[in-house]
Amino acid sequence: MRVLDYFEPTSVKETSSLLAKFEGAKIVAGGTDLVVDMNKKNENPRYIIDIKNIPNLDYIEYQPGQGLKIGALTTIAALQKSDVIIQKYSIIQQATLEFANIAIRNVATLGGNLCAAVPSSDMAPGLIALGAKVKIAGVEGEKVIPLEEFFVKSKKSALQKDELLVEIQVPEQTENTRGIYYKFSKRGEGDLAIVGVAVVITLDSQKEICQDIKIALGNVAPTPMRAHNAESILRGNKIDEALIDKCVQAAADETNARKSYRASVEYKKDMVKVFAKKAISKAIA
Amino acid sequence: MKQKIVLNLNGEDYEVFVLPDDTLLDAIRDRAGLTGCKHGCDDGKCGACTVIMDGKAVRSCLMFAISAQGKKITTIEGLSKGTESLHPIQKAFIEHGAIQCGFCTPGMIMFVKSYLDDNPQPTEDEIRNALAGNICRCTGYVKIIDAVKAAAEEMRQ
Amino acid sequence: MDKKEVVMTEEILESLKQWTEKKDSYDVIGTKTTRIDAKSKATGKAMYVEDVMLPGMLHAKILRSPYCHARIINIDTSEAEKLPGVKAVLTGKDVPQVYMAAIECRDEPLLAWDGKVRFIGQEVAAVAATEKKIAEEALSLIKVDYEELPGVLNADDSIKDGAPQIHDGILTYEGWPDGELVPGKVKNNIAYHAAYDRGDPDQGFSEADAIVEQEFFYKHVVAAYMEPDGCVADYHAGEEKITLYVTTQWPANIKDNIMRNLGFPQNKVRVIQNAAGGAFGSKFMANQLHHISALLSMKTGKPVKLIRTRTEDFELVRSRGDMKLWMKLGVKKDGTITAEQTKILMDNGAYQFLGRRRSLHQLERSDATYRFKNVRHDIKNVYTNKNTTGCYRSFGDAQMAWAREILIDMLAEKINMDPAEIRLKNAMQTGDVTVNGWHIKSCGLTECINKATEAINWDEKRKNKRFKRGVGIACTCHETDDRSTEGFGGSVSLIKLLEDGGAQLLAGEAEYGNGAYNAFAMVISEELGIPADMIDVVAHDTDRVPWGQGATGSRVMAQGVNATYLACQDVIKKVINAASDMLKVKPEELEFKRGKIYVISSPDKSISLAEVAEYAIRKRGGSMIIGEGVDERWDTELILKITHPTHYGRGVDSTYYDTVTVEVEVDTETGEVHLLNVVVADDCGKVIDRRQLEGQVDGATVQGIGAALFEEIIWDDKGQIANPNYTDYKVPLAHNVPPIQRIFVESIEPVFAYGCKGGGESPGIGSIVPAISNAIYDAVGVRITSTPMSKEKVLLALKEKEGKRI
C-alpha cells in the first residue's frame, strides 16, 4: 500500500475537512514520529496531510493572570529557548532538555509529541503536573479538555477522525510553586525513558506545608498518569522525609507498568520512588 | 505518481521528481545526486543524514521532501565546493583524526556547524551532550570532541 | 610437547635486535599523520556502496521469513511480477543449488533452495524494481505458504534430546592433512564439539591450595557499524562480466564465491570497494546479498542495488553470539595458577559460518594470556533458530576474557592476593611456548599491567577506598596473523613508481575504515621518502590489486605493513639498478636515503626518485619500476583446522596484549555504574600510525563499554529480535564516554617490519568488560557474572546482597 497524495492545507478548517474526507489520512508536522512509524510499518497512511503551512499555530504567549498558551506547531527547540518558559514554567524547559537531541527538537512540535500519545512522552508529565489543557478543533468546532484526558491508551489520543490539536493551555502558577522533571533512562539525556517523573508543588509562605502538589509519571502505565494517591498524602500536610517516603511509595504502588524487556515492573517502581523523592526534595529546597 | 518539486540545495535550485512520501534524504541523494548525507538507520537516531535547513540542523531522513520546498538547505557538499578551501570544521576533523570509516562524518560535521553557529563558546560537557544525537561507532567520540573544540576556537577568530 | 622448544632462535633474536635498534630512528613511522582518505570523507565525496549510481540501476528488496523454523511449501510470485516497475523476482528454485561461504562446513543454501528456513529474517525471495518503494510493495504481493515447525531459541534447550532438529544433514569437513567436504549428520544440534586436555589438569587441581569455579554468561552483541551492509551488482551482458561494489573485510572472498557459485571464470568477476563504513569483524565473507544482487543483475541485465535497512542489518549481521562459560581455576598460595577447566556452550544461530574455527580459536587465544600449564576444555558449538553468529572484533576472546578475568579476581580473593599481583605472577612472557604450542616472540603484558595500575593509582585506590568507589583490572590476549588456510596466508603489495617520483600502491588488503591504507602510505613515506600527497593507494579492485586474505585476526596492519615494507625494498633495489645505469656506476657504489640516490664516494652528488623513475620509463626500455612485496610466514601451522589431530602447534605468528584498569562509582539507589577513569595499556608492538591507533583504542574501549553496560540483542519468545534499531539497541553516545588514558607498550615483534603487530582491539573486545565487573565488586561487593551490567541488574544484585545479611 503506497501513499497516494500529499496535502498542504493552509487552515485548520481545511485540515479537518481533509481528515473527514479521506480514509487512511495522517497528519504530519515535524515528521519525527510519523516517518519512523512508517519505516516500521506501524503506520501505512494513504494520504499525508502536512500542517506546517497553517499560519498562527506557532506561538508562545503568556498573559499575567491568564497563563500560557502554546500553539501546537511550536517546536521543542522554541520551547527550550523561550524566556517566559524558562522563567515561569521551568519544568517545561527541563523536559525539553531530555527530549531526543537537538536536531530532532528543531522540527518536533509539542502538538505532534502529545498526539503521538506514547506513554514515555517527555513533554506530557510536566504539562500534566502544571494542570495543562488542550484545545482541539474539528469539523464541528473547538473544545478544550484536560491534558490527562487527552491520552486514551498507548499511542491513542482522544482525537476523533476529523480532529487536530491546535493549542496547549497552561494555567497561571502561584508564587511559591516549583516544578521539577526527572527522566531516568539507560544511557542518559536523549535516551528513551525508563521512567519520567514530574512534580509541581506549591508551598505555603513558611515553606513548610504542601498547599498543593501534582505528580505525573511517564512510561509506567499505558498513558502518562497522575499519582493521585501519592499527592493526597502530601497535600495539605507538613512535609518531612517520612511523609515524602510514604508519598513516593504510594506513587510506585499506583503505577501500572507493563512487563517489558526494557525494564522490569519492579525496577520501574523502584525508580519512581527514587526520582519522585529527588524531585520533591529538589522542588522544596 | 511522482510530482516535480524544487529544492534549494547549497544555494542552487534543483528540480527533482519525488513520490509523496519520499524523504528529503532520498531526494537529496537519489534525485539530486548529492550523496554526502547517508542512510544510517530507520528511526532518526544516528544523525548520519543531518543537513542544515534554514540555519537549523535537521534529520533529512525524517522529513518529507515535499515539505522541504522553499527552504534553504545546506549539505556537506555546500561547505566547500571543488577546489575551494575547507571549512574550519572539516579541517579540524581531518587534522585531529576524528574520521575513521567516515560514514557518520558528513552528518556529524553538519550538526557541528549548526551547533557552533548557535553556540560559539561551548564547554566540553556541552559539546558532549550536544553530540549525543549523532552516533559514531569507530572513534569513541574522543577525537571528534577534540576536533569540535579546535574548530570552535578557530571559528571564533 | 617439546619442553625444550626454542622460541627465540638466533634468527628471531637477530631480527629483534635489528628492529629494536631502529625503533626511535624513524621519520614517519610512529608519528601522527593525517589520514590519506580523510578529506574525501570530510567533504562527503568518499563513495560508499549506497553512493554508487549507475544508469538504469534497479533497487532490490528481500522477502524474509516470519518464522524461526519452517518448511517452504510454495511461493507464488505471480502478483509481484505483474506490478509495474518490477523487473525480476527470484526464489530458491531460480538459483543454483550452492552454499554460502563458511569455514570447513557448508550448511547454508542460497536463498533457501532447500525449502527450509531456520531463523526469523532468513532470505526467502527477492525483487528488483525501478524504485525502492515498488520493490517493497512487490514483497507484500509474494505469497509464501509455510509449514511452521517447532523451533528452539537457546543453546541449553537445543542440545536436549527431543529438541527440534535444525539441520537434517550438512556438508562437513573430514580428513587430515588433506580434507574435503563430505555429507554429514548433526546430532542434538551440535555443530561442533571439541574437548581436549593439555598437561595434567587433575594433578594441577590436586596441587592447588585454592580452587574457584563459576558460570558466566555473555549476551549477544552486534557490531552496529554505521554503514549497513549492501552491494551493487552490475552484470555487463556484452563482456559477460559481473562487477560488484561492496563493503567488506574480504573483497577477494566475495569474488571467489561469486565465481565458484555462479559459474564465472576468473577474468569475469570484478569486486570493487571504494569506501566502507566499518565492519569490526562482522562483514567478513561473501553472503546472501552478494549472490542475490548478482543473480538479479544477471537476470535483468541492469545494475542492481541491494542495501540493507538498519533494521535488516540488525537482524542479519553476524556478530558476537550468546555464550555460557563455566570455568574453574586452581592456584597455589604463592599465586601460581595450577590448572584451568572450562565447559562452554556457544549459541551459534541457524548456520555454522565461522562457529567451528571460533570454538578452537577462543580457547587458544585465551590460553596465550597467562602461563597455564594444565588445561581441560570442553566446548560445544550449537545450532539454534536465531540469526547466524559470526565475529565482532574477536573470535570468542571477549567472552573468554569475561569469564577468565573475573574468575582470576575471585581466585586472588581466595588467597588474599591483590588482583594485579596474581596477574603479574602468571603473565605470559616473551620466549614462552603457550600450553597449545604457540610461540610468543613478543609480549609486553607485564609492562602493561604495571603501567595500567600505576596510571590509575591502583595501590592507593585499593587501600583508601571511597565509599561506593572501586577499581578493577583485566587483561586480554589477541592474535596477529593466524595460519588460517593451507596455502598462502600472507599479504602482497605492489608499488608503482610514478614518473614524478610519486607512488601508487596496489595492496591486497582491504580498507574498510580501519585506516590500513594510511599506515601503508606511511611505510612508503618512510622507506622511499615520498610525501603523503604524492602517494595514491588505489581503491580495492580485484581487477587491479593482488589477491588478499581479508581482515581477520588483526592481521592487516602487521602483514600489510610487512608486505608494503618488502615492496619498498624491492623498489629500492630496482631504483638502484636503474640509477646505476643512469650514472654509469656499479650498484654497490650507490646508496638510497630519504628519497634520493647518492653515490657513496661523493655524497653531494645525488639524483631524485623522479629522475630515476622517468629514466626507467622513457630511456631504459620503457618499463615502469614496480616493486613487489610478499609477506609470508612459513613457520606457522594450520593447527586450528577442525580435522587437525591435536590442535597443538605454532598456530599464530604473533600475539598482542593489553591491560585495562578502570575506576567506577556505583549509585546504590539506581544501580548506575559511573565510569570515572579508564586506563588502557596496549601492547601493540611498534606503533606505526599513532593517531589512528589512538582512535582505534578509543573506539574499541567505547565499544567495550557498550557491551559492558548497555548493549544486548533481545529476542521475543517467537525468535524475533525485539530491538533491531538504535533506539533500543543502546550503543554508547558521546556523553557515555569517560576519560580514557592510552598507554602504548611497544614490545618489538621480531617477525614483522618495524616490530609491529596488531593493536587497538583487546581493550574493547576483552578487557574493559570484566574490568568493570571487577571494579563493581571492589566498590560495593557484588559480582556481576552476566553481561550487560545494566543498572537494573546491578541494583538487583545489591538488593540481594542486602537481603542476605538479614
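Fair warning: this is a prediction, and the values are worked out from it, not measured in the lab. (Residues numbered from 1 in each chain as written. Chains lettered and ligands numbered in written order. Predicted model: local features only at pLDDT ≥ 70, side-chain atom pairs only at ≥ 80, totals over all residues. Heavy atoms only, no water.)

**Some details on the overall build of chain B**
Stated formally: Numbering of helices and strands runs from the N terminus, with a helix taken as a DSSP run of H or I at least four residues long and a strand as a DSSP run of E at least two residues long. In this treatment the radius of gyration is a C-alpha quantity, and the globule benchmark scales as 2.2 Å times the residue count to the 0.38 power.
Looking only at helices and strands, chain B has 5 helices and 5 strands in total. For chain B, the N- to C-terminal ordering of α and β elements is β-β-α-β-β-β-α-α-α-α. Computed over the C-alpha atoms, the radius of gyration of chain B is 15 Å, within 12% of the 15 Å expected from 2.2 N^0.38 for a compact globule of 157 residues. Counting only C-alpha atoms and orienting by the principal axes, one finds that chain B spans roughly 50 × 30 × 25 Å.

**Describing the packing of aromatic side chains**
In plain terms, the rule: Aromatic pairing here means that ring centres of Phe, Tyr or Trp (its six-membered ring) are within 6.5 Å. Orientation follows from the plane angle: under 30 degrees is stacked, over 60 is edge-to-face, and everything else is tilted. Accessibility here uses a 1.4 Å probe with only protein chains present; expressed as a share of the type maximum, an area under 20% marks a residue as buried, one over 50% as exposed, and anything in between as partly exposed. In our convention, an over-ring charge means Lys NZ or Arg CZ found within 6 Å of a ring centre and within 35 degrees of that ring's normal.
In total, this model carries 26 aromatic pairs over all chains according to the counting rule given. Centroid distance F314(C) to Y729(C): 5.2 Å. Interplanar angle 55 degrees. Geometry classified as tilted. With F314(C) in helix α9 (residues 310–316) and Y729(C) in the loop between α18 (690–710) and β30 (740–745), the pair connects residues that are 415 residues apart, well separated along the chain. Considered together, F314(C) and Y729(C) belong to a single accessibility category, that of buried residues. Grouped by ring-pair contacts, the aromatic residues Y182(A), F184(A), Y267(A) and F275(A) constitute a single cluster. Against the face of F205(C) rests K328(C), its NZ or CZ located 4.5 Å from the ring centre. Its end group placed over the ring of Y777(C), R783(C) keeps NZ or CZ at 3.7 Å from the ring centre.

**Overview of the domain arrangement of chain B**
Residues and elements named next belong to chain B. Our working definition: These domain limits were set by an automatic method or by a database of domain assignments. We call two residues contacting when some pair of their heavy atoms lies within 4.5 Å. Summed over both partners, the accessible surface that disappears when two parts come together, traced with a 1.4 Å probe, is what is meant by buried area.
Once the domains are mapped, chain B shows domain 1 (3–77) and domain 2 (83–156). Centre-to-centre separation of domain 1 and domain 2, based on C-alpha positions: 21 Å. Each partner contributes to the interface: domain 1 provides 17 residues, whereas domain 2 provides 13 residues. The contact between domain 1 and domain 2 buries some 1,100 Å² in all, and 66% of this surface belongs to carbon and sulfur atoms. On the domain 1 side of the contact with domain 2, T50, I52 and I76 bury the most area, a combined 39% of that side's loss.

**Description of the nonpolar core**
Using the following cut-off: Nine residue types can take part in a nonpolar core, namely buried Ala, Val, Leu, Ile, Met, Phe, Trp, Tyr and Cys, and a core is a set of them joined through side-chain atoms within 4.5 Å.
In terms of nonpolar packing, the biggest core is built from 162 residues, with F93(B), L131(B), L709(C), Y726(C), I772(C), I776(C) and M789(C) touching the most fellow members. Looking at this core, the element that brings in the most residues is helix α11 (residues 397–414) of chain C, giving 10 residues. Not counting residues within four places of it along the chain, the set of residues in contact with L709(C) comprises V673(C), L675(C), I772(C), P788(C), M789(C) and S790(C). Among the nonpolar cores identified, the runner-up in size contains 72 residues, and L79(A), L165(A), A198(A) and V16(B) belong to it.

**Here we look at unusual backbone geometry**
One can expect most non-glycine residues to show negative phi and most peptide bonds to be in trans. A cis amide bond links W176(C) to the next residue, P177(C), at an omega of 0 degrees. Note on placement: P177(C) falls in the loop between β8 (170–174) and β9 (180–184). Cis peptide bonds are those with omega within 30 degrees of zero, and the linkage from T787(C) to P788(C) qualifies with -15 degrees. Assignment of secondary structure puts P788(C) in the loop between α19 (762–780) and α20 (791–805). For D54(B), which is not a glycine, the phi torsion comes out positive at approximately 45 degrees. Looking at the element boundaries, D54(B) is found in the loop between β3 (50–53) and β4 (56–59). Given a relative accessible area of 44%, D54(B) falls into the partly exposed group. Its identity is not glycine, yet A224(C) carries a phi of approximately 45 degrees, on the positive side.

**Here we look at the interface of chain A and chain C**
Reports often express the size of an interface as the amount of accessible area lost when the parts come together. Defined as follows: When a carboxyl oxygen of Asp or Glu is within 4 Å of a side-chain nitrogen of Lys or Arg, the pair counts as a salt bridge. Any N or O atom pair separated by 3.5 Å or less is treated as a polar contact, with the protein-specific requirement of one donor-capable and one acceptor-capable atom, and with residues adjacent in sequence counted only for side-chain atom pairs.
Contact residues are listed per partner, giving 22 residues for chain A and 25 residues for chain C. Interface area lost by chain A to chain C is led by K186(A), R187(A) and Y261(A), which between them contribute 39%. Where chain A packs against chain C, one counts 6 salt bridges. Between the two partners, chain A and chain C, sit 14 residue pairs in polar contact (both at pLDDT 80 or more). Elements with a contribution of two residues or more to the side of chain A that touches chain C: β11 (177–185) and α12 (265–284) of chain A. It is α12(A) that contributes the most residues to the side of chain A that touches chain C, 6 residues altogether.

**Some thoughts on the side chain of K283(C)**
Residue and element names in this part refer to chain C. The residue K283 is located in the loop between β14 (269–273) and α8 (288–300) in this model. The class for K283 is buried, based on a relative accessible area of 3%. Side chain to side chain, K283 and T247 meet in a polar contact 3.0 Å long. Apart from residues lying up to four places away in sequence, K283 is in contact with Y225, E227, P228, D229, T247, T248, Q249, W250, G277 and G278.

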